[in-house]
Amino acid sequence: MKTFDELLRDAEVAHGHLCAGQILGVRLAMRGLELLGIDDPHGKDRKRLITFVEIDRCATDAVAVVTGCRLGKRALKFRDWGKVAATFVDINTGKAIRIAAKESSKALARAMHPEIADKNQQQMLAYREIPNADLFTEQWVKVSLPPEELPGYKGERIVCAECGEGINFQREVRRNGRILCRACAGERYYEEIS
Ligand SMILES: [Zn+2]
Ligand SMILES: [Zn+2]
């Protein structure tokens, strides 16, 4: 395992800047790996881990850097819940730990470093110093992962009866005897303009 400072540098490069979210995200992911006993997520343990992230902010980039879990490897799962939290699943053992940043950590940062006016600077320093127990809540959980959620799964690919686009593994919707993609079934996040 790389050191905290090495991982923080990697996170800074990947994310584009150094911020309180990077420090929080690196610590959160390191804590998750520590509790699972995974110490080489980019090497020998690289196929052991699946990570669920619950926010699309700074810390998530750092979690991806530390864990090596990526969306394109199906190892990073996004649940848009707006929480600075992540769940780390060891697919070898089935153990999973969910770690969430405590909401009180911002007030704690203010109390620790009132001399620093800039919030990001204040939190960047405090988030290095606050012990894990004051920074995070930790909870052992169970995560059910069907085969199609695992990185190496290869399954049938089918075609939407409406738009003709191909769909991977059980993301299709069956409606009135037709097989549709989610967009054609009404879940479109975009509107077509002609
Ligand atoms: Zn940031
Ligand atoms: Zn379709």
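Everything numeric in this text was worked out from a predicted model, so none of it was measured. (Residues numbered from 1 in each chain as written. Chains lettered and ligands numbered in written order. Predicted model: local features only at pLDDT ≥ 70, side-chain atom pairs only at ≥ 80, totals over all residues. Heavy atoms only, no water.)

A. Region of interest: the coordination of the zinc ion (ligand 1). Around the zinc ion (ligand 1), the donor atoms from the protein are His15 (NE2), His17 (NE2), Cys19 (SG) and Cys58 (SG), and they sit 2.1 to 2.4 Å away. Angles of 90 to 140° at the metal separate the four donor atoms of the zinc ion (ligand 1), which places the site in the irregular class. All donors to the zinc ion (ligand 1) come from one chain, and their sequence spacing reads H-x1-H-x1-C-x38-C. In this pair, Cys19 sits in the loop between α1 (4–15) and α2 (20–36) while Cys58 sits in helix α3 (residues 58–67), placing the two residues 39 residues apart along the sequence. For Cys19, a relative accessible area of 6% puts it in the buried group. (Donors = N, O, S within 2.8 Å, 3.2 Å for Na, K, Ca; no water. Tetrahedral: all angles 85-135°; square planar, octahedral: opposite > 155°, others 65-115°. Helix = DSSP H or I, 4+ residues; strand = E, 2+ residues; numbered from the N terminus. Buried < 20%, exposed > 50% of the residue type's maximum accessible area, 1.4 Å probe, protein only.)

B. Geometry of a positive patch on the surface. Taken together, the side chains of Arg46, Lys47, Arg70 and Lys73 present a region of like positive charge at the surface. For Lys73, the position within the fold is in the loop between α3 and β2 (76–78). On the accessibility criterion, Lys73 (43% relative accessible area) is partly exposed. (Patch = residues over 30% accessible without salt bridge, like charges linked within 9 Å, V, L, I, M, F, W, Y side chains within 5 Å. Areas by Shrake-Rupley, 256 points an atom, 1.4 Å probe, with all protein chains shown as cover. Salt bridge = Lys/Arg side-chain N within 4 Å of Asp/Glu carboxyl O. Lys, Arg positive; Asp, Glu negative; His and termini not counted. Charge placed at Lys NZ, Arg CZ, Asp CG, Glu CD.)

C. Representation of the nonpolar core in the model. Counting 34 residues, the largest nonpolar core has Val26, Leu28, Leu49, Phe88, Tyr127 and Phe136 as the members making the most contacts within it. Among the secondary structure elements, those contributing two or more residues to this core are α1, α2, β1 (49–53), α3, β3 (85–90), β4 (96–101) and α5 (119–129). The leading source of residues in this core is α2, at eight residues. Residues Cys160, Ile167, Val173 and Leu180 belong to the second largest nonpolar core, which totals eight residues. (Core = buried A, V, L, I, M, F, W, Y, C linked by side-chain atoms within 4.5 Å.)

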